[in-house]
Amino acid sequence: MDIIWKGILGGLLTALIAFLSKRGNTLPGILPLFPTFAIIALAIVGAKGETSGFREALLAGAKTIPAYLAFLGACYLAIGVMDYRLAIATGIAAWLVVILISFYGLRAIS
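This structure is a prediction, so every number in the text was calculated from the model and none was measured. (Residues numbered from 1 in each chain as written. Predicted model: local features only at pLDDT ≥ 70, side-chain atom pairs only at ≥ 80, totals over all residues. Heavy atoms only, no water.)

## Some points on the overall build of the protein
Going by this rule: By the criteria applied, helices consist of DSSP H or I runs no shorter than four residues and strands consist of E runs no shorter than two, each listed in order from the N terminus. For the radius of gyration, the atom set is restricted to C-alpha positions; the globular benchmark scales as 2.2 Å times the number of residues to the power 0.38. For every accessible area listed, the method is Shrake-Rupley and the probe measures 1.4 Å; residues are considered covered only by the protein chains on display. Positive charge is attributed to Lys and Arg, negative charge to Asp and Glu, and no charge count is given to His or to the chain ends. In this description, the location of a charge corresponds to atom NZ of lysine, CZ of arginine, CG of aspartate or CD of glutamate.
Broken down by element type, the protein carries six helices and zero strands. The helix and strand sequence of the protein, counted from the amino end, reads α-α-α-α-α-α. For the protein, whose C-alpha radius of gyration is 17 Å, the value lies well above the compact-globule estimate of 13 Å for 110 residues. Projecting the C-alpha coordinates of the protein onto the three principal axes gives extents of approximately 50 × 45 × 20 Å. Total accessible area on the protein is roughly 8200 Å²; 72% of this is exposed by carbon and sulfur atoms. If you average the places of the 8 positive and of the 4 negative side-chain charges in the protein, the two averages end up 7 Å apart.

Here it is as structure tokens:
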């Protein structure tokens, strides 16, 4: 039953983004910053009752902030020279590089 409400929450957020995209471009860009998946992940980890595990999940989530900024920056720079799908792919590649560096250090990409 837990998985059902998590799927409903994710689906509602996706529907809200699609609805708001018809009214402008700013809100759909802001809405993904609502920590829907972080809330779900933290609820799952928190249900284990381990304070250290909860804190570990929080720190791991914080490490992803630079990767998200790299994703947005790469997409922003790429959209002027390529199709939006390739710009998103470029952003994903930038995200992956920063995640690898954040979690594994430079030895992971050498």
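## Brief notes about the pattern of salt bridges
Cut-off, in case you're wondering: The working definition used for a salt bridge is a side-chain nitrogen of Lys or Arg within 4 Å of a carboxyl oxygen of Asp or Glu. Note on classification: 1.4 Å probe, protein chains only; a residue is buried when its accessible area is under 20% of the maximum for its type, exposed when over 50%, partly exposed between these limits.
A complete count under the given rule lists one salt bridge for this structure. The salt bridge involving D83 is made with R85; its shortest N-O contact spans 2.8 Å. When its relative accessible area of 32% is taken as the criterion, D83 is described as partly exposed. Of the residues examined, R85 reaches a relative accessible area of 54% and is grouped as exposed.

## Brief notes about the confidence of the model for the protein
It should be kept in mind that the predicted coordinates are not to be read in detail where pLDDT is low. Put simply, the rule is: Scored from 0 to 100, pLDDT records how confident the predictor is in each individual residue.
In the predicted model, the protein carries a mean pLDDT of 85, and the fraction of residues at 70 or more is 94%. Mean pLDDT values for the elements of the protein range from 73 in helix α2 (residues 26–30) up to 95 in helix α5 (residues 65–78).

## Digging into a nonpolar patch on the surface
Convention followed: Candidate patch residues must exceed 30% relative accessible area and have no salt bridge, after which like charges are joined if within 9 Å and Val, Leu, Ile, Met, Phe, Trp or Tyr side chains if within 5 Å.
A cluster of nonpolar side chains, namely I3, I4, I8 and L12, defines an oily patch on the protein surface of about 430 Å² accessible area. Checked against the element boundaries, L12 lands in helix α1 (residues 2–21).

## A closer look at the packing of aromatic side chains
Pairs of aromatic rings are described using the distance from one ring centre to the other and the angle between the two planes. The following threshold applies: In this scheme Phe, Tyr and Trp rings, the latter by its six-membered ring, pair at centre separations within 6.5 Å, and the angle between planes marks the pair as stacked below 30 degrees, edge-to-face above 60, and tilted otherwise.
One pass over the full model with this rule turns up one aromatic pair. Judged by centre distance (6.4 Å) and plane angle (25°), the rings of Y68 and F71 are stacked. Of this pair, Y68 and F71 are both found in helix α5, three residues apart, which corresponds to roughly one turn of the helix. Among the residues examined, Y68 registers a relative accessible area of 28% and is labelled partly exposed.

## Things to note about the environment of F71
The following threshold applies: Residue contacts follow a heavy-atom distance rule, with two residues in contact if any of their heavy atoms lie within 4.5 Å.
Taking the C-alpha atoms as reference points, F71 and I92, separated by 21 residues in sequence, lie 6.0 Å from one another. Excluding residues within four positions of it along the chain, F71 makes contact with I88, G91, I92 and W95.

## A closer look at helix α6 (residues 84–104)
For clarity, the threshold we go by: Each helix should span, by expectation, one fewer than its residue count multiplied by 1.5 Å. Our arc is simply the arc of the directions from the helix axis toward the C-beta atoms.
Between its first and last C-alpha, α6 extends 30 Å over 21 residues, near the 30 Å set by a 1.5 Å rise per residue. Listed as buried for α6 are A87, G91 and I99. With its buried residues spanning 110° around the axis, α6 presents them on a single face. Exposed side chains of α6 directed beyond 90 degrees from the buried face belong to R85, L86 and Y104. Buried-residue contacts for α6 involve α5. Directly after α6, the chain includes G105, whose backbone phi takes a positive value near 80°.

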